[in-house]
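The primary structure of each chain is shown beneath.
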Amino acid sequence: AGSSLRYHFVDAAVVSSNLFCSKPFARVTGSDVRCYRLQQSSKSEFVKLLCLFYWVSDDYRLAGHEPVISPAACIRLYHDLSRSFNIMSQQQPSQPCLLLDGGLGRHLKDLGAPFRQPEWSALALMESPETVVQAHADFINAGADIVTTNSYAIVPFHIGQELYDTRAKELISLSGQLAEQASRRFPDKTVRIAGSIPPLFGSYQPELFDATLATTMLKDFKEGLEFWVDLYVAETISSWQEAQAILDEFADGSKPLWLSLSLLPGSAAAGDVRLRDGTSLTTVLGQLQTRLTDFDALLFNCCQPEDITKALALSAKILLSEADANFHIGAYPNAFDEVSHDGAANASFRELRDDLTPEQFTLIGAAWQRLGATIIGGCCGIGPNHIKAFAQHLQWAEKQELVVT
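Structural notes on the environment of Ala-122
Piece 1. Position of Ala-122 relative to the elements: it lies in helix H3 (residues 122-127).
Piece 2. What makes Ala-122 buried here is its relative accessible area of 1%.
Piece 3. The spatial distance from the C-alpha of Ala-122 to the C-alpha of Ser-151 is 7.2 Å, given a sequence separation of 29 residues.
Piece 4. Apart from residues no more than four positions distant in its own chain, Ala-122 is found in contact with Ala-153 and Ile-159.

Quick look at the structure:
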């Protein structure tokens, strides 16, 4: 606190770079020149994001070769720069940012809950429901405004057809009940519950989608969750066909519906953001323009933040200008390390990238806010510490009146 900071802005658009961190490549003793190497990578560049060389006073010094700067200082730098330079299109959010929870499955595993393939997070629901309540509570305690039901893996892909046929409705309802139990631990906080509508035939496998079977399964989720949830979020949608079936089933408006699309890894870097089935996002947004009264938010999840940045910019340009003031865009990325995914999302335990720290997650989320995002959270590998860091940013920014509310 009280440090005198001087900085020089570098436009990310002029380099093919990965903002996620690296060791400093230059240091000048005495003046503490802090420069971060921009790693050359096949990942998409952050379009006009916070790539910077900056000078930091003696209050912040390097420890060895690792960058050491407090999260608060990073966020102050972000806001100071964003006010000083026109680094992004200035979509002014008409609503405060809603903070989602993070990846429930990985956090259940970290808590020691029963966890294996192929059941994934459904195993804890069946064998250790108290750990599901604890996982929800951890995210609420970290600052999440919304928790998502642990219903993502209640599909035949994970629990098998026989178990789905006999127990699906019971387990779907239980997932809502456990989220509600967790919310009651925080009587002084308003916590909303989002009912997770998963990809019905397996994540990242749009080619398996069956519209006829989907109609019955979507009714199972709608009926099982309706009593417990404040809204529905259809997650990891990988094709327009999936999105259309969900819109048709949930368009009655009984509760708000959020659609969350999953993007083809690396498609932003290739110049055309696409869904996982290869459909251009621009095409999908054009279809969604005709159904803006049937859903309340467009999100992007279970894909890498590099791809999401361009998707949010496109969504803001195409949808926000036509939607009403209560419409949201937003994102909750995963922390998977690899650029491409082969096969089903949960066919094995995937490695997580080590550069998406809580501080980097917060900087990315802050940048997304400036693109117009008003819902931000995390998917696989984004834990309570990430959510806590972003919640602290929101609190600080609100005090500084830097987020339009």
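What follows continues from the structure just given.
A few points about the side chain of Thr-149
Piece 1. Tracing the backbone through its elements, the reader meets Thr-149 in the loop between strand S6 (146-148) and helix H5 (156-159).
Piece 2. Residue Thr-149 is classed as buried on the basis of its relative accessible area of 3%.
Piece 3. Filtering out sequence-adjacent residues up to four positions away, Thr-149 remains in contact with His-136, Ser-175, Gly-176, Ala-179, Ile-193, Ala-194, Gly-195, Ser-196, Leu-225 and Val-229.

Quick look at the packing of helix H6 (residues 161-183) against helix H7 (residues 211-225)
Piece 1. In the contact formed by H6 and H7, the axes pass within 8 Å of each other and the chain directions differ by 40°. With respect to the hand of their crossing, H6 and H7 are arranged in right-handed fashion. Note on element contacts: H7 touches H6 through Met-217, Asp-220, Phe-221, Glu-223, Gly-224 and Leu-225, opposite Tyr-164, Lys-169, Ile-172, Ser-173, Ser-175 and Gly-176.

A word on the pairing of strand S9 (residues 257-261)
Piece 1. In terms of residue burial, S9 counts as a mostly covered element, since five of its five residues are buried.
Piece 2. Here S9 shows two buried faces, one formed by Leu-257, Leu-259 and Leu-261 and the other by Trp-258 and Ser-260.
Piece 3. The sheet contact formed by strand S8 (residues 231-237) and S9 spans four bridges and is parallel. The residue of S9 that forms the bridge with Tyr-232 is Leu-257.
Piece 4. Regarding topology, helix H8 (residues 240-250) serves as the crossover connection from S8 to the parallel S9, and that connection is right-handed.
Piece 5. Bridge count between S9 and strand S10 (residues 297-301): four bridges; the pairing is parallel. Its bridge partner being in S10, Ser-260 is matched across the sheet by Leu-299.

Concerning the pattern of salt bridges
Piece 1. Counting across every chain of the model gives twelve salt bridges.
Piece 2. In this structure, the salt-bridge partner of Lys-219 is Glu-249, at a minimum N-O distance of 3.4 Å. Highlighted residues: Lys-219 in helix H7 and Glu-249 in helix H8, separated in sequence by 30 residues.
Piece 3. The partner of Glu-306 in a salt bridge is Arg-353, with the nearest N and O atoms 2.8 Å apart. With a gap of 47 residues between them, Glu-306 in helix H10 (residues 305-320) and Arg-353 in the loop between strand S11 (328-332) and helix H11 (358-370) connect regions that are remote in the sequence. Of the two residues, Glu-306 and Arg-353, both sit in the buried class.

Some details on the packing of aromatic side chains
Piece 1. With the rule as written, the count across this model stands at six aromatic pairs.
Piece 2. On the basis of an interplanar angle of 55° and a centroid distance of 4.8 Å, the ring pair of Phe-115 and Trp-120 is categorised as tilted.
Piece 3. Looking at Trp-120, the relative accessible area reads 5%, which means it is buried.
Piece 4. A centroid spacing of 4.9 Å and a plane angle of 90° characterise the contact between Phe-227 and Trp-228, whose relative ring orientation is edge-to-face.
Piece 5. One cation-aromatic arrangement involves Lys-222 over Phe-250; the distance from NZ or CZ to the ring centre is 5.5 Å.

Structural notes on the nonpolar core
Piece 1. Within the largest apolar cluster, 92 residues are counted, with the highest numbers of intra-cluster contacts made by Leu-259, Leu-298 and Phe-300.
Piece 2. Among the nonpolar cores identified, the runner-up in size contains 16 residues, and Ile-146, Tyr-204, Ile-375 and Cys-379 belong to it.

Some remarks on H10
Piece 1. Those residues of H10 not exposed but buried are Pro-305, Glu-306, Asp-307, Ile-308, Thr-309, Ala-311, Leu-312, Ser-315, Ala-316, Ile-318 and Leu-319.
Piece 2. Looking at the buried residues of H10, the elements they touch are helix H9 (281-289), S10, S11 and H11.

As for the packing of helix H4 (residues 129-142) against H6
Piece 1. Relative orientation of the contacting elements H4 and H6 amounts to 50°, with a least axis distance of 8 Å. The pairing of H4 with H6 is recorded here as oblique in orientation. The interaxial crossing formed by H4 with H6 has right-handed handedness. Contacts between H4 and H6 involve Pro-129, Val-132, Val-133, His-136, Ala-137 and Ile-140 on the former and, on the latter, Leu-178, Ala-179, Gln-181, Ala-182 and Ser-183.
Piece 2. Grouping the amino acids of the contact of H4 with H6 by side-chain chemistry returns eight nonpolar, three polar and no charged.

Concerning H8
Piece 1. Most of H8 is tucked away, with eight of its eleven residues classed as buried.
Piece 2. Of all the residues in H8, the buried ones are Trp-240, Glu-242, Ala-243, Ala-245, Ile-246, Leu-247, Glu-249 and Phe-250.
Piece 3. At its buried positions, H8 is contacted by strand S7 (192-197), H7, S8, S9 and H9.

Basis of the calculations
Residues numbered from 1 in each chain as written. Predicted model: local features only at pLDDT ≥ 70, side-chain atom pairs only at ≥ 80, totals over all residues. Heavy atoms only, no water. Helix = DSSP H or I, 4+ residues; strand = E, 2+ residues; numbered from the N terminus. Buried < 20%, exposed > 50% of the residue type's maximum accessible area, 1.4 Å probe, protein only. Contact = heavy atoms within 4.5 Å. Axes fitted to C-alpha atoms, helices over the stretch in contact; angles between N-to-C directions. Left-handed = near helix turned anticlockwise from the far one by under 90°. Pairing = 2+ DSSP bridges. Right-handed = clockwise from strand over helix to strand, strands pointing away. Salt bridge = Lys/Arg side-chain N within 4 Å of Asp/Glu carboxyl O. Phe/Tyr/Trp six-rings, centres within 6.5 Å; stacked < 30°, edge-to-face > 60°. Lys NZ or Arg CZ within 6 Å of the ring centre and 35° of its normal. Core = buried A, V, L, I, M, F, W, Y, C linked by side-chain atoms within 4.5 Å. Parallel < 35°, antiparallel > 145°, perpendicular 65-115°, else oblique. Nonpolar A, V, L, I, M, F, W, Y, C, P; charged D, E, K, R; others polar.

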